[in-house]
Amino acid sequence: MIPFHPDFPMQNSVFHENLIIHPTDAVEMDPDMYHEILDKISLPDGFHINIYATHVPGARSLSYSKNRTLYIGTRGDKVYAVRDSDGDGFAENRTIIASDLTMPNGVAILEDDLYVAEISRIIKFPRIEKTLPDIPDYEILYDGFPKDTAHGWKFIRFGPDGKLYIPVGAPCNICLPPGDFYAAIHRMNPDGTSLEKFASGVRNTVGFDWDPKTGDLWFTDNGRDMLGDNAPPDELNHAPTPKMFFGYPYLHGGNIIDPEFGDLSPDGCKNCTPPARELGPHVASLGMRFYTGEMFPDSYTNAIIIAEHGSWNRKDPIGYRLTIVLRENGIPVSYEPFIEGWLYNGTVYGRPVDVEVIQDGSLLISDDMNGIVYRVWYNL
């Protein structure tokens, strides 16, 4: 397998880059290709894992439609759709939606339309749910986002207000944002109009979801580098209202004042919102979902499940796992490992990116290192 390397986050290596890929094809799985990964993964009692989709190089953000099609974004140039047509737990059908895009990390479905976030624009494939496997021409909804590739890849989702939420990361490790677009979460109407800033002081979020009870936004945020192995923490943040400020670049976690920019806060960070929960240092917390299915035990209902992509410059690597945050009365009370094993004895076997709860209550997990999607289900 691939050993840990300090340059890992800038790599997008996968096992299938040299495949001859047709616009639409059936994919056969060789279980022996993946047993070394699956054998390392540890799950709580009653939980099981299998490979759901293969041959998806750089698999990143996930969006699962009411028609049971899984759309998968990447940080390369392609967007994929896969489907488990026979219900056996493996998506044997794969379609390349597009192959000429610029880091189309984010994907989101609204009714029959697929929305894709590139570095600087949002595009839409109208009525794709009705036309697959035929691919409609895409429409450009908005093309005014910055073109910086540093933290420029975007995770997108539709909120309960019907608006599309789009983050723009800071174009640096640590700096004063060079414009209003940066280090913020924005939202717009589905037709690309009425773009507005929803939250600011957000260094780089690549995952968010809304509390199924209250409709409040929760999101992960990656902490800055170069303050040591154990600081600052990544963050799980809670934004119940618009216009909240979450501290970047002045404050990290709940109380770490930035040595370069902390003194520049206009109000001494009196209006900086601390994280709802500090996460591990440099774990690269990315995709997160509230568990809203009915398959897992009751204790998992509305729990927050987080994909930790894994550290890249820590002496002892950390992350490479799924964690779970439990809450009481909306307040996080615990943060614990849920599924581990992609980091095993110092060797990296995979990098979880995003999670998605599907209709049967099972959980899908993307892995951009291996170009695959896993399925986790529960059955004692």
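To start, this report covers the structure provided alongside it. Nothing here was measured: the structure is a model prediction, and the numbers come from that model. Counting restarts for each chain, with residues numbered from 1 along the sequence as it is written. The predicted origin of the model limits local features to residues at a pLDDT of at least 70 and limits the giving and counting of side-chain atom pairs to 80 or more, whereas totals for whole chains, interfaces and linings rest on all residues. Neither water nor hydrogens contribute to the side-chain values; these are computed over all heavy atoms in the structure.

**Thoughts on the packing of aromatic side chains**
Consideration 1: For Phe, Tyr and Trp, rings pair up if their centres lie within 6.5 Å, where Trp contributes its six-membered ring, and each pair is then called stacked (planes under 30 degrees apart), edge-to-face (over 60) or tilted (otherwise). What the rule picks out here adds up to 20 aromatic pairs.
Consideration 2: Here the aromatic residues Phe47, Tyr291, Phe296, Tyr300, Phe338 and Tyr378 are joined through ring pairs into a cluster of three or more.
Consideration 3: Whether a charge lies above a ring is judged from NZ of Lys or CZ of Arg, which has to be within 6 Å of the ring centre and within 35 degrees of the ring normal. The ring centre of Trp153 lies 3.7 Å from the NZ or CZ of Arg75, which sits over that ring.

**A short note on unusual backbone geometry**
Consideration 1: Here the bond from Ala231 into Pro232 is cis, since omega is -10 degrees, no more than 30 degrees from zero.
Consideration 2: For helices the rule is a DSSP run of H or I covering at least 4 residues; for strands it is a run of E covering at least 2, with both sets numbered from the N terminus onward. You can see Pro232 is positioned in the loop between strand 16 (217-221) and strand 17 (233-239).
Consideration 3: The omega angle of the peptide bond from Tyr248 to Pro249 is 5 degrees, so this bond is cis rather than trans.
Consideration 4: Within the secondary structure layout, Pro249 lies in the loop between strand 18 (244-245) and strand 19 (251-252).

**Quick look at the pattern of salt bridges**
Consideration 1: One side-chain nitrogen of Lys or Arg within 4 Å of one carboxyl oxygen of Asp or Glu is enough to make a salt bridge. Applying the stated criterion across every chain yields a total of 16 salt bridges.
Consideration 2: Linking Glu356 and Arg289 is a salt bridge whose minimum nitrogen-to-oxygen distance equals 2.9 Å. Of the two residues, Glu356 sits in strand 28 (residues 352-357) while Arg289 sits in strand 22 (residues 285-290), which places them 67 residues apart along the sequence.
Consideration 3: Burial classification: accessible surface area is computed with a 1.4 Å probe over protein chains only, and a residue below 20% of its type maximum counts as buried, one above 50% as exposed, and the rest as partly exposed. Accessibility expressed as a relative area gives 3% for Arg289, which makes it buried.
Consideration 4: Between Arg375 and Asp360 there is a salt bridge; the shortest N-O distance is 3.1 Å. Pair noted here: Arg375 is in strand 30 (residues 372-378) and Asp360 is in the loop between strand 28 and strand 29 (363-367), with a separation of 15 residues, a long-range link.
Consideration 5: Owing to a relative accessible area of 14%, Arg375 belongs among the buried residues under this scheme.

**What about the nonpolar core?**
Consideration 1: The biggest cluster of nonpolar side chains holds 27 residues, and the ones touching the most others in it are Leu322, Phe338, Trp342, Leu363, Ile365 and Tyr374.
Consideration 2: Mapped by element, the contributors of at least two residues to this core are strand 2 (47-53), strand 23 (304-308), strand 24 (321-328), strand 25 (331-339), strand 28, strand 29 and strand 30.
Consideration 3: In what follows, residue pairs with any heavy atoms lying within 4.5 Å of each other are defined as contacts. Discounting residues that sit within four places of it in the chain, Ile365 has contacts with Leu62, Leu322, Ile339, Trp342, Pro352, Asp354, Val355, Ile372, Val373, Tyr374 and Val376.
Consideration 4: Side-chain atoms within 4.5 Å link the members of a nonpolar core, which is a set of buried Ala, Val, Leu, Ile, Met, Phe, Trp, Tyr and Cys residues. Judged by nonpolar contacts, the second largest core, of 19 residues, contains Met103, Trp153, Ala199 and Trp210.

**Topic: the sheet that holds strand 2**
Consideration 1: One requirement defines pairing of two strands: DSSP has to find at least two bridges between them. Here 4 strands make up an open sheet; going across it, the order is 2-30-29-28 and the pairing antiparallel. In this open sheet, the two strands that pair with only one neighbour each are strand 2 and strand 28. Across the sheet, the axes of successive neighbouring strands diverge by a mean angle of 25 degrees, strand direction being ignored.
Consideration 2: Bridge count between strand 29 and strand 30: 5 bridges; the pairing is antiparallel. Residue Ser366 lies in a different strand from strand 30, and its bridge partner there is Val373. As a rule, the C-alpha atoms of each element are fitted with a line to give its axis, helices using only the stretch in contact, and angles between N-to-C directions run from 0 to 180 degrees.

**Here we look at the sheet that holds strand 17**
Consideration 1: An order of 15-16-17-21 is seen for the 4 strands of this open sheet, with the pairing classed as antiparallel. Unpaired on one side and paired on the other, strand 15 (208-210) and strand 21 (277-281) mark the two borders of the sheet. Strand-to-strand twist of the sheet, defined as the mean angle between neighbouring strand axes without regard to direction, takes the value 20 degrees.
Consideration 2: Where strand 17 lies against strand 21, 3 bridges are found, and the strand directions are antiparallel. Among the inter-strand pairings, Glu235 is bridged to a residue of strand 21, identified as Glu278.

**Here we look at the environment of Thr193**
Consideration 1: Mapped onto the secondary structure, Thr193 falls in the loop between strand 13 (184-188) and strand 14 (196-200).
Consideration 2: For Thr193, a relative accessible area of 36% translates into the label partly exposed.
Consideration 3: Along the backbone, Thr193 and Asp39 are 154 residues apart, and their C-alpha atoms lie at a distance of 48 Å.

**Considerations on the side chain of His186**
Consideration 1: Note on placement: His186 falls in strand 13.
Consideration 2: Whenever two N or O atoms come within 3.5 Å, that pair is a polar contact, provided that in protein one can donate a hydrogen and the other can accept it, and provided that, for residues adjacent in sequence, both atoms are side-chain atoms. A distance of 2.8 Å separates a polar atom in the side chain of His186 from the backbone oxygen of Phe181.
Consideration 3: His186 has contacts with Phe145, Leu164, Tyr165, Ile166, Val168, Asp180, Phe181, Leu195, Glu196, Lys197 and Phe198, leaving out every residue within four places of it along the chain.

**Quick word on the pairing of strand 25**
The side chains of a regular strand alternate between the sheet's two faces.
Consideration 1: One ladder, built from 7 bridges, connects strand 24 with strand 25; its direction is antiparallel. Bridged to Thr323 within strand 25 is Pro337.
Consideration 2: From the end of strand 24 to the start of strand 25, which pair antiparallel, there are 2 residues, and Asn329 there has a positive phi angle of about 55 degrees.

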